Structure formats: C-alpha cells, structure tokens
Amino acid sequence: MRHAAGYSREQTPTMAALLFVLVLETVAMDLLLRRFGLPDLPRLVILALDASSALAVLGVMVSCARRPHVVSPDALRLRYGRMFGLDVPAELIASARIDRRYDEKRLVRLSDGELALAVSSQTNLVVELREPIEVPHPRRPWQPVRPAAAVRRVRFFADDPAATLRAVAALTTTTTGERAP
C-alpha cells in the first residue's frame with residue numbers, strides 16, 4: 001500500500017502571498033518604467049526578469065504540491081518538489097515518531113548524522129535508521145560538489161504527521177512479522 005504524504009499545505013499561503021507581491025511588483029515596475037520613458041528593449045528585459053521570478057515561485061509551489069513524500073512497501077521517498085529527493089529503503093527504518101521542531105534554519109540541513117528536510121522552518125517527524133545512509137549535500141550550481149554525508153536520523157515535515165507516522169511505522173516490521181525494537 002502506498003501513502004502519499006503532502007508537505008506543501010503549511011507553506012502555500014506564504015508562497016501565494018509572495019507570488020501576489022511579485023506579480024504586483026512586475027506590473028508596478030512596468031508602469032513606472034513606461035512613465036519615465038525607458039526604451040522598450042531595457043523595459044522588456046526588466047519585465048522578463050520580474051516575470052521569471054514569479055514563474056519560479058509558482059513552479060516551486062506546483063512541484064511541492066505534485067511531488068509529495070511517498071511511503072511504499074519498499075521505501076520512504078522524501079522530496080521537496082524537484083529540488084530534493086531521497087529514497088530510504090524500508091529495511092533501514094528502525095523506528096519513527098512525531099517530534100515537532102520549529103527552529104530549522106535551512107530547507108535541507110545535514111549535520112551530526114542527521115538530515116532535516118524542513119518546510120516553513122519546521123519538521124514534525126523523525127525516522128531513526130538501523131544503519132547510516134549516504135545523502136548528497138545540497139548545492140547551488142556555482143558551489144563545489146562536497147562528499148555525501150552519512151545520516152542515521154531523518155527529520156521531515158508532513159501535513160498529516162499522524163497518518164504518515166502510521167504508514168512509516170508499518171515499514172518497521174521485520175520479516176517474521178514482529179515489531180522492530
């Protein structure tokens with residue numbers, strides 16, 4: 001059985017407000033540039049850059065809504081839109097619990113053997129692993145590639161943490177049908 005665990009509900013109002021402001025700013029900038037008589041070519045370049053910012057925010061909103069975390073019989077797939085994806089094999093999952101934190105400073109954080117995948121600076125589920133898994137460091141195109149980090153704990157956010165916890169907990173059974181410690 002597959003369980004799709006959304007994570008975009010918390011950030012959608014903020015992203016929608018940002019999108020509205022970007023569209024409003026694009027229109028206002030075009031009106032101002034026309035008012036001051038800027039030639040068409042530079043004005044259209046500025047308009048295209050402004051519009052691309054709005055499209056980027058819309059793209060993040062849509063990709064986060066359309067690409068949820070997925071719990072399947074063989075793995076836990078964690079995502080943040082098209083920007084991050086990690087498959088955690090079911091046999092590596094030792095336990096899971098709800099643990100709400102509101103202090104994450106980054107979208108993806110790798111430190112001290114822990115991966116945190118936050119939404120709106122928060123995580124609400126923790127998965128402990130039986131053995132470490134390699135996670136590539138997130139990077140921007142201009143940054144150098146860093147070696148992957150080994151993590152034994154994964155923190156992430158789900159819109160419905162209780163339902164996601166039930167789905168992940170079902171993966172912690174051993175092949176004999178007994179609950180894993």
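To keep things clear, this report deals only with the structure shown in the data block. This one's a predicted model, so the numbers in the text were calculated from it and none came from an experiment. (Residues numbered from 1 in each chain as written. Predicted model: local features only at pLDDT ≥ 70, side-chain atom pairs only at ≥ 80, totals over all residues. Heavy atoms only, no water.)

1. Observations regarding the overall build of the chain
When you go through the chain residue by residue, the secondary structure sums to 3 helices and 9 strands. Ordered by position in the sequence, the α and β elements of the chain form the string β-α-α-β-β-β-β-β-β-β-β-α. With respect to the three principal axes, the spread of C-alpha positions in the chain is 75 × 35 × 25 Å. Scored against the burial criterion, the 181 residues of the chain give a buried share of 40%. On the chain, roughly 10,800 Å² of surface is accessible, and the fraction owed to carbon and sulfur atoms is 60%. On the chain, the mean spot of the 25 positive side-chain charges and the mean spot of the 19 negative ones are 2 Å from each other. (Helix = DSSP H or I, 4+ residues; strand = E, 2+ residues; numbered from the N terminus. Buried < 20%, exposed > 50% of the residue type's maximum accessible area, 1.4 Å probe, protein only. Areas by Shrake-Rupley, 256 points an atom, 1.4 Å probe, with all protein chains shown as cover. Lys, Arg positive; Asp, Glu negative; His and termini not counted. Charge placed at Lys NZ, Arg CZ, Asp CG, Glu CD.)

2. Digging into the pairing of strand S3 (residues 75-80)
Of all 6 residues making up S3, 5 are buried, and the element is well covered by its neighbours. As judged from the 3 bridges shared by strand S2 (residues 69-72) and S3, these two strands associate in the antiparallel manner. Of the residues in S3, the one forming a bridge with Val-71 is Leu-76. What sits between the antiparallel neighbours S2 and S3 is a turn of 2 residues. Two elements, S3 and strand S4 (residues 84-89), share 6 bridges in a ladder whose sense is antiparallel. Each bridged residue has a counterpart across the sheet, and for Arg-77 the counterpart in S4 is Asp-87. The antiparallel hairpin formed by S3 and S4 contains 3 residues in its connecting segment, where Gly-81 sits at a positive phi of about 55°. (Pairing = 2+ DSSP bridges.)

3. Thoughts on the sheet that holds strand S1 (residues 3-5)
Taken in spatial order, the 4 strands make up an open sheet running S1-S2-S3-S4, and their pairing is antiparallel. Of all the strands in the sheet, just S1 and S4 have a single pairing partner and so form its edges. The sheet shows a mean angle of 15° between the axes of neighbouring strands, direction not considered. Set on the sheet, helix H3 (residues 161-169) makes contact with S1, S2 and S3; between it and S1 the angle comes to about 140°. (Axes fitted to C-alpha atoms, helices over the stretch in contact; angles between N-to-C directions. Contact = heavy atoms within 4.5 Å.)

4. What about the environment of Gln-143?
Among the structural elements, Gln-143 can be located in the loop between strand S8 (123-135) and strand S9 (149-156). Judged by relative accessible area, which is 31%, Gln-143 ranks as partly exposed. Once the C-alpha coordinates of Gln-143 and Phe-36 are considered, the two residues, 107 residues apart in sequence, prove to be 39 Å apart.

5. Examining the nonpolar core
Counting 32 residues, the largest nonpolar core has Leu-76, Phe-84, Ile-93, Leu-115, Val-127, Val-135 and Phe-156 as its most contacted members. Within the residue set of this core, elements represented by two or more residues are S3, S4, strand S6 (108-111), strand S7 (114-117), S8, S9 and H3. The element contributing the most residues to this core is S8, with 5 residues. Ignoring sequence-local partners within four residues, the contact set of Ile-93 consists of Leu-76, Val-88, Val-127, Glu-128, Leu-129, Arg-130, Val-168, Leu-171 and Thr-172. Counting 6 residues, the second-largest nonpolar core is a separate cluster that includes Met-15, Leu-22, Ala-54 and Met-61. (Core = buried A, V, L, I, M, F, W, Y, C linked by side-chain atoms within 4.5 Å.)

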